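# Understanding the architecture of this molecule
Residues per chain are reported as follows:
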Amino acid sequence: MALTFCCTASVPLLHQGQANSELSGKKCLQEVKRLVKSLGIHSAASSPVDSLRNGNWVKLICGASFEDVVDIRNLSLVYTLAGVDCIDCAADESVVSAVHEGINAAREVLPVRKPWVMISVNDDEDLHFRKAEFDPQECPHDCPRPCESVCPASAIPPWIDKSAEVGVITERCYGCGRCIPICPYDKIRVTTYVRDAATTSELILKNNVDAIEIHTSGRNASRFRELWSGLEESAERLKLVAVSLPDMGDSTLSSMEEIYSIMKPHPQCINLWQLDGRPMSGDIGSGATRKSILFAARLAASRGRPKGFLQLAGGTNNHTVAGMKKHGLFQTKSFLVASMNEDAEVGSLQALIGGVAYGGYARKIVGRILNSMQSQHGLSCVENHPEYLAEALQQALSLVGTVKCYDFILEEK
């Protein structure tokens, strides 16, 4: 029987007095706890590794360049309650701290399993590691400002007058680039950067990072080798090393093999390949997920690919699982002829695709509720406003549940 979740205390109750507000908040918090318990999320005994083997791994991508610590904290709280296996964030100490704070706050609401914390780095110029910028003083008065409406991160603030000091809120920009071609006056510039290996190693050695993801084009092995040489020692402390790469057609497998050979002797942890179909596009529409699915289908069918789980990313959204099912990829298992990971037994059953990572779409469906909360209450912890937490959790479950196979129906209000 499908579970439904409809919190009777809706947001407008916040305006009906403090007593009613506190009562409605308590009811919503009780509903949050009831729902998480009903779906068994609080008692899940399986590890993230089990999720990869079973094909129901879910990763939340906060964004390799997204550094709004308030949003990151609240997103981490909501998606921890929803049962994600991993939370991927920028390789920045304050951002990592915000993720941990959100996870711990979720576990205070209910003692759910703790997801792994992953940081993202790059070996060269990469779309995920850039920031848009422009001087608002240079904008003509009659500019319709299409950049403002096209920005999915609300990183370009409303232009009320010419006193604005910045055109782009740096910590909110995650480099999608949608504002660049739409500017009618060609005023928007881009700054790219590469994460420092030494600083990243220090962050890993502080023991608050479980996994790392290396973004690479796959076309410059020397850049990857240079980065890996700076990370190799600290990587031995990790539970998972992921490599995110685009579809390079016929050269994909050879690039994967070269990258894997560089990482040898392989760290004593799980290895994962993130198949980055159409980067930072999941919130655009249903078709954005097709490229990642086709990428995964081709690699899953290939023989002789390097060890490691496969995970979809880049354009993933609420249509991804349906597309995977159509191609026979969703939680489809096969016998391992050769061990894909050091601790996987040859001849055992393992999912062709380990799971799915959700970024822009996951942030969008929960972010609009967090934005509504902040417009009413300013910068806030979402658990202090259970009405919003309840709504945000509904949205998160509607996405995570497609992979986790929660028996859950999101009721439309």
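Check the entry above for the structure.
Keep in mind it's a predicted model, so treat the numbers as computed, not measured. (Residues numbered from 1 in each chain as written. Predicted model: local features only at pLDDT ≥ 70, side-chain atom pairs only at ≥ 80, totals over all residues. Heavy atoms only, no water.)

## So, the sheet that holds strand β9 (residues 270–276)
For clarity, the cut-off: For two strands to count as paired, DSSP must find a minimum of two bridges between them. Note on conventions: DSSP H or I runs of at least 4 residues are helices, E runs of at least 2 residues are strands, and numbering of each starts at the N terminus. Every axis corresponds to a line fitted to the C-alpha atoms, with the helix fit spanning only the stretch in contact, and the corresponding angles, defined between N-to-C directions, vary from 0 to 180 degrees. The contact criterion used is simple: two residues touch if any of their non-hydrogen atoms lie within 4.5 Å.
Strand order in the closed barrel formed by eight strands is β2-β3-β4-β7-β8-β9-β10-β13, and the pairing between neighbours is parallel. Across the sheet, the mean angle from the axis of one strand to that of its neighbour is 25°, orientation sign disregarded. Judged from the six bridges that link them, strand β8 (residues 240–245) and β9 form a sheet pairing that is parallel. When the sheet's bridge partners are listed, V243 is paired in β9 with W273. Where helix α4 (residues 93–109) meets the sheet, its contacts fall on β3 (86–90) and β4 (116–122), and the angle it forms with β3 comes to roughly 150°.

## Things to note about the packing of aromatic side chains
Quick reminder of the rule: Aromatic contacts are taken between Phe, Tyr and Trp rings whose centres are within 6.5 Å, Trp giving its six-membered ring; a plane angle under 30 degrees counts as stacked, one over 60 as edge-to-face, and the others as tilted. Lysine and arginine charges are scored as sitting over a ring when NZ or CZ, respectively, is within 6 Å of the ring centre and within 35 degrees of the ring normal.
Going through the model one piece at a time under the given rule, you end up with three aromatic pairs. Cation over ring: R363 sits above Y174, and NZ or CZ is 4.3 Å from the ring centre.

## Side note on the pattern of salt bridges
Test applied: Put simply, a salt bridge is a Lys or Arg side-chain nitrogen that is within 4 Å of an Asp or Glu carboxyl oxygen. Think of it in three bands: residues with accessible area under 20% of the maximum for their type are buried, residues over 50% are exposed, and the middle band is partly exposed, with areas taken using a 1.4 Å probe on protein chains only.
If you walk through the whole model with that rule in mind, you get 19 salt bridges. We note a salt bridge from R34 to E31, for which the minimum N-O separation is 3.3 Å. Of this pair, R34 and E31 both sit in helix α1 (residues 18–38), separated by three residues, roughly a single helical turn. Taking the relative accessible area as the measure of exposure, R34 reaches 31% and is therefore partly exposed. Measuring nitrogen to oxygen at the nearest pair gives 2.8 Å for the salt bridge that ties R298 to D247.

## Comments concerning unusual backbone geometry
For D186, which is not a glycine, the phi torsion comes out positive at approximately 55°. Looking at where D186 falls in the secondary structure, it is placed in the loop between α6 (179–182) and β6 (189–192). If you check the backbone angles, Q331 has positive phi at about 50° while not being a glycine. On the secondary structure map, Q331 appears in the loop between α11 (320–326) and β11 (333–335). The exposure class assigned to Q331 is partly exposed, which follows from its relative accessible area of 27%.

## With respect to the layout of surface pockets
Rolled over the atoms, a probe as big as a water molecule pinpoints where empty space is left. Rule in force here: Whether a set of points on the 1 Å grid over the protein atoms alone is a cavity depends on a 1.4 Å probe fitting there but being unable to get out, while an open set qualifies as a pocket with protein on both sides within 12 Å along at least five of seven lines; lining residues are those with an atom within 4 Å of a point. Grid points are joined across faces, edges and corners, and a volume is the space filled by probe spheres set on the points. Side-chain classes are defined by residue name, with Ala, Val, Leu, Ile, Met, Phe, Trp, Tyr, Cys and Pro counting as nonpolar, Asp, Glu, Lys and Arg as charged, and the others, Gly among them, as polar.
Its volume calculated, the second largest pocket comes out at about 240 Å³. Residue lining of the second largest pocket: 17 residues in total, with P152, A153, R363, K364 and G367 positioned closest to the centre. No other element matches helix α12 (residues 360–377), which puts seven residues into the lining of the second largest pocket. When grouped by side-chain class, the residues that make up the lining of the second largest pocket number seven nonpolar, four polar and six charged.

## Some thoughts on empty space enclosed by the protein
In the structure shown here, the tally under the stated rule is six cavities of 30 Å³ or more. For the largest cavity, the calculated volume is near 230 Å³. Looking at the largest cavity, it is lined by 25 residues, and the ones nearest its centre are I61, H128, M280, G359 and G360. Every element with two or more residues in the lining of the largest cavity is listed here: β2 (57–61), β7 (211–215), β9 and α12. Ranked by the residues each element gives to the lining of the largest cavity, the list is headed by α12, at three residues. Of the voids in this model, the second largest cavity is the one considered here, and its volume is about 130 Å³. If you go around the second largest cavity, you meet 17 residues; those closest to its centre are A132, C173, C176, G177 and C179. Secondary structure elements with two or more residues in the lining of the second largest cavity: β5 (130–133) and α6.

## Structural notes on helix α7 (residues 197–205)
For an α-helix, 3.6 residues make a turn, and residues three or four places apart therefore share a direction. Short version of the rule: Each direction from the helix axis to a C-beta atom contributes to the arc, which is the arc of those directions. Under this definition, polar contacts are N or O atom pairs within 3.5 Å; protein pairs additionally need one hydrogen-donor-capable and one acceptor-capable atom, and for neighbouring residues in sequence, both atoms have to be side-chain atoms.
Taken together, the buried positions of α7 are A197, T200, S201, L203 and I204. Projected onto a plane normal to the axis of α7, the buried residues spread over an arc of 160° and lie on a single side. Against α4, β4, β7 and α8 (221–235) lie the buried residues of α7. Where α7 starts, the residue carrying a side-chain oxygen 3.3 Å from the main-chain nitrogen of A198 turns out to be D196. Once α7 finishes, N207 follows within two positions and takes phi at roughly 65°, a positive value.

## Considering the pairing of β9
What counts is decided by this rule: With strands facing away from the observer, any crossover in which the path from the first strand over the helix to the second runs clockwise is taken as right-handed.
With seven of seven residues buried, β9 lies mostly within the body of the structure. In β9, alternate side chains face the same way, and those of I270, L272, Q274 and D276 on one face and N271, W273 and L275 on the other are all buried. Here β9 runs beside strand β10 (residues 309–313); their pairing, made up of five bridges, is parallel. In the sheet register, Q274 faces β10, and the bridge partner there is Q311. For the segment spanning β9, helix α10 (residues 290–301) and β10, crossover handedness is right-handed.

## Section: the side chain of T316
Along the chain, T316 falls in the loop between β10 and α11. Of note is the side chain of T316, whose polar atom sits 2.6 Å from the backbone oxygen of A357. What T316 contacts, discounting residues up to four positions off in sequence, is G282, T289, V356, A357, Y358, G359 and Y361.

## What to know about the nonpolar core
To keep it simple, the criterion reads: Nonpolar cores were defined as sets of buried Ala, Val, Leu, Ile, Met, Phe, Trp, Tyr and Cys residues, with membership established by side-chain atoms within 4.5 Å.
One finds Y79, L81, I119, W273, V366 and L397 to be the most contacted residues of the largest nonpolar core, which totals 110 residues. Considering every element that reaches this core, the biggest residue donor is helix α13 (residues 386–404), with ten residues. In contact with I119, not counting residues within four places along its chain, are D88, C89, A90, A91, V96, T200, L203, I204, V209, A211, I212 and E213. Listed in part, the twelve residues of the second largest apolar core include W116, M118, A242 and L272.

## Observations regarding the environment of P386
You can see P386 is positioned in helix α13. For the pair P386 and L29, spaced 357 residues apart in sequence, the C-alpha separation works out to 5.4 Å. With sequence-adjacent residues up to four places away left out, P386 is seen in contact with G25, C28 and L29.

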